[in-house]
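An overview of the molecular structure
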Amino acid sequence: MFTQQDHYFMARALKLARKGLYTTHPNPRVGCVIVKDNEILTEGWHQKAGGPHAEAHAIYQSSEPLSGATVYVTLEPCSHQGRTPPCTDALIETGVSRVVIAAADPNPRVNGNGRKQLRQANIEVQIGLLEQQARELNKGFFSLHEKQRPWVRLKTAASLDGRTAMASGESQWITSKLARADGHRFRAQSSAVLTGVNTVVADDPQLTARLDGIERQPIRVILDSNLRTPTTAKIFDQSSEVLVFTCQSATKGKASELKKAGASIIHLPSDSGRLNLSDVLDTLAAMEINEIHVEAGQTLTGQFIKQNLADEVLIYFAPTLLGEDARGMFTIPNLNKLSQQKRICWHDQRMVGDDLRLLVRFID
């Protein structure tokens, strides 16, 4: 169905799409390559929300007629008017003869409609080339539209015996500078970084992506049922928006103080005195937050796992041992039988300096 040249040009489009890894939120990362007689005429990628989509970017940059060309695009072209005009209209106007798509757009406003409009204009449309790679690049976007909740990644750094801190709470640092810098890249590609109030009180983290050239910082989210977040916390550094989720019974006085510090307070119903994690994810999904990076203690991360709300775990293992009295990675209560185990699959493993990075995913 697809030729070697098709694979080559779609791989090029995916490489272009990755340029938007840190910038396109809440939009997907999309790349486009336009080819004629096996020569690239023009190419483009979606740089940021509100800017031209990948197809439009490629067309605008072209200095040659595109009639009869083949378009390779990593996501189905949009067919509706949003902040930018429909990409299907732009492609039809150029007179291209063929459009090869990696993955269908899961957004119901687009799904199938983009392909339909192109075919109605007598443009040959093929779909499914390197689809999995395109979905992987936009797993949060697909999760939001297919599961109606954000993609949730839990991040932890541990010793080889699975310990994340000494019994006293001392944890800085178990892993190397290289591993910590690598973790910042995962923060940067996320829509939001989420933690619990206990981590804020104990560690006072900023939760920013400290990388050169990063223009957009992820939103910071704190789960704080009883509003114990200190108003002097480093997270209120104005690098990006801070959302504090709390229960309706929380005191209004403290909420006012946190607002003055720079927080937006979101009240949710109490679930036996605690926040309901599904309600939190539903609220964030409604805000178009599609990929969440969780850096929290073993209790909160354990609850995400117990409630089947986590999609993957990012673990950095350091070549060290902390002993049985040190704190573990996850607290998952009421697992009493082997039949209750949480099955995972290996997704990626590699060395980062002296540390081992594992990315594992839960099996549905």
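Refer to the structure printed above.
Predicted, not measured: the structure shown is a model, and the values here were computed from it.

Moving on: the packing of aromatic side chains. Geometry of an aromatic ring pair is reported as the spacing of the ring centres plus the angle between the planes. Under the counting rule described, the total for this entry stands at 3 aromatic pairs. Ring centres 5.2 Å apart and planes at 75° place the aromatic pair Y8 and F9 in the edge-to-face group. Ring centres of F9 and Y72 lie 5.5 Å apart, and the angle between their planes is 35°; on these two criteria the pair is classed as tilted. Of the two residues, F9 sits in helix α1 (residues 4-17) while Y72 sits in strand β3 (residues 70-75), which places them 63 residues apart along the sequence. For Y72, a relative accessible area of 3% gives the class buried. The rings of Y8, F9 and Y72 are connected pair by pair, giving a single aromatic cluster.

What follows is about the sheet that holds strand β4 (residues 98-103). Read across the sheet, 5 strands follow the order β2-β1-β3-β4-β5 without closing on themselves; strand pairing throughout is mixed. Looking at which strands have only one partner, the edges of the open sheet turn out to be β2 (39-45) and β5 (124-127). Going from strand to strand, the sheet's axes swing by 15° on average, the running direction of each strand aside. With 5 bridges connecting them, β3 and β4 associate as parallel partners. Paired with T70 across the two strands is R98, which belongs to β4. Of the strands in this sheet, β4 and β5 touch helix α4 (residues 113-120), which is tilted by about 150° from β5.

The complete set of buried residues in helix α3 (residues 87-94) reads C87, T88, L91 and T94. The buried residues of α3 occupy one face: seen down the axis, they fall within an arc of 130°. On the buried face of α3, the contacting elements are α2 (54-61), β3 and α4. Looking at the residues trailing α3, positive phi occurs at G95, about 85°.

Attention shifts here to the pattern of salt bridges. Within this structure, the stated rule accounts for 18 salt bridges. Its salt-bridge partner being R98, residue D6 comes within 3.0 Å of it at the nearest N-O pair. Of the two residues, D6 is situated in helix α1 and R98 in strand β4; the sequence distance between them amounts to 92 residues. Both residues of the pair, D6 and R98, count as buried. Notably, a salt bridge pairs D182 with R185, separated by 3.2 Å at the nearest N-O pair. With D182 and R185 both in helix α7 (residues 177-188) and 3 residues apart, this pair spans about one turn of that helix. Taken together, the salt bridges that share partners define one network made up of R29, E136, K139, R153, E291, E312 and R361.

This paragraph deals with unusual backbone geometry. Cis rather than trans, the peptide bond between H25 and P26 has omega equal to 0°. Residue position: P26 is located in the loop between α1 and β1 (31-36). In this model, Q172 is joined to W173 through a cis peptide bond whose omega is 5°. Counting through the fold element by element, W173 comes out in the loop between β7 (163-165) and α7. For S272, which is not a glycine, the phi torsion comes out positive at approximately 55°. Counting through the fold element by element, S272 comes out in the loop between β11 (263-268) and α10 (277-286). Judged by its relative accessible area of 77%, S272 is exposed. With a phi angle near 65°, N334 is a residue other than glycine that sits in the positive phi range. Examined against the element boundaries, N334 turns out to sit in the loop between β14 (327-328) and β15 (344-352).

The two faces of a sheet get side chains in turn, since along a regular strand they alternate between them. In terms of burial, β3 is largely enclosed, as 6 of its 6 residues are buried. Relative to β3, β1 is paired through 4 bridges, and the arrangement is antiparallel. Residue pairing in the sheet places V35 in a bridge with T70 of β3.

Looking now at the packing of α3 against α4. Running from amino to carboxyl end, α3 crosses α4 at an angle of 20°, the nearest separation of the two axes being 10 Å. Taken together, the axes of α3 and α4 lie roughly parallel to each other. The handedness of the crossing between α3 and α4 is right-handed. The residues of α4 that touch α3, namely those facing T88, D89, L91 and I92, are G114, Q117 and L118. Along the lines of polarity and charge, the residues of the contact of α3 with α4 split into 3 nonpolar, 3 polar and 1 charged.

Conventions and cut-offs
Residues numbered from 1 in each chain as written. Predicted model: local features only at pLDDT ≥ 70, side-chain atom pairs only at ≥ 80, totals over all residues. Heavy atoms only, no water. Phe/Tyr/Trp six-rings, centres within 6.5 Å; stacked < 30°, edge-to-face > 60°. Helix = DSSP H or I, 4+ residues; strand = E, 2+ residues; numbered from the N terminus. Buried < 20%, exposed > 50% of the residue type's maximum accessible area, 1.4 Å probe, protein only. Pairing = 2+ DSSP bridges. Axes fitted to C-alpha atoms, helices over the stretch in contact; angles between N-to-C directions. Contact = heavy atoms within 4.5 Å. Arc of directions from axis to C-beta. Salt bridge = Lys/Arg side-chain N within 4 Å of Asp/Glu carboxyl O. Parallel < 35°, antiparallel > 145°, perpendicular 65-115°, else oblique. Left-handed = near helix turned anticlockwise from the far one by under 90°. Nonpolar A, V, L, I, M, F, W, Y, C, P; charged D, E, K, R; others polar.

Everything listed here is a matter of coordinates, which is why it stays silent on function.
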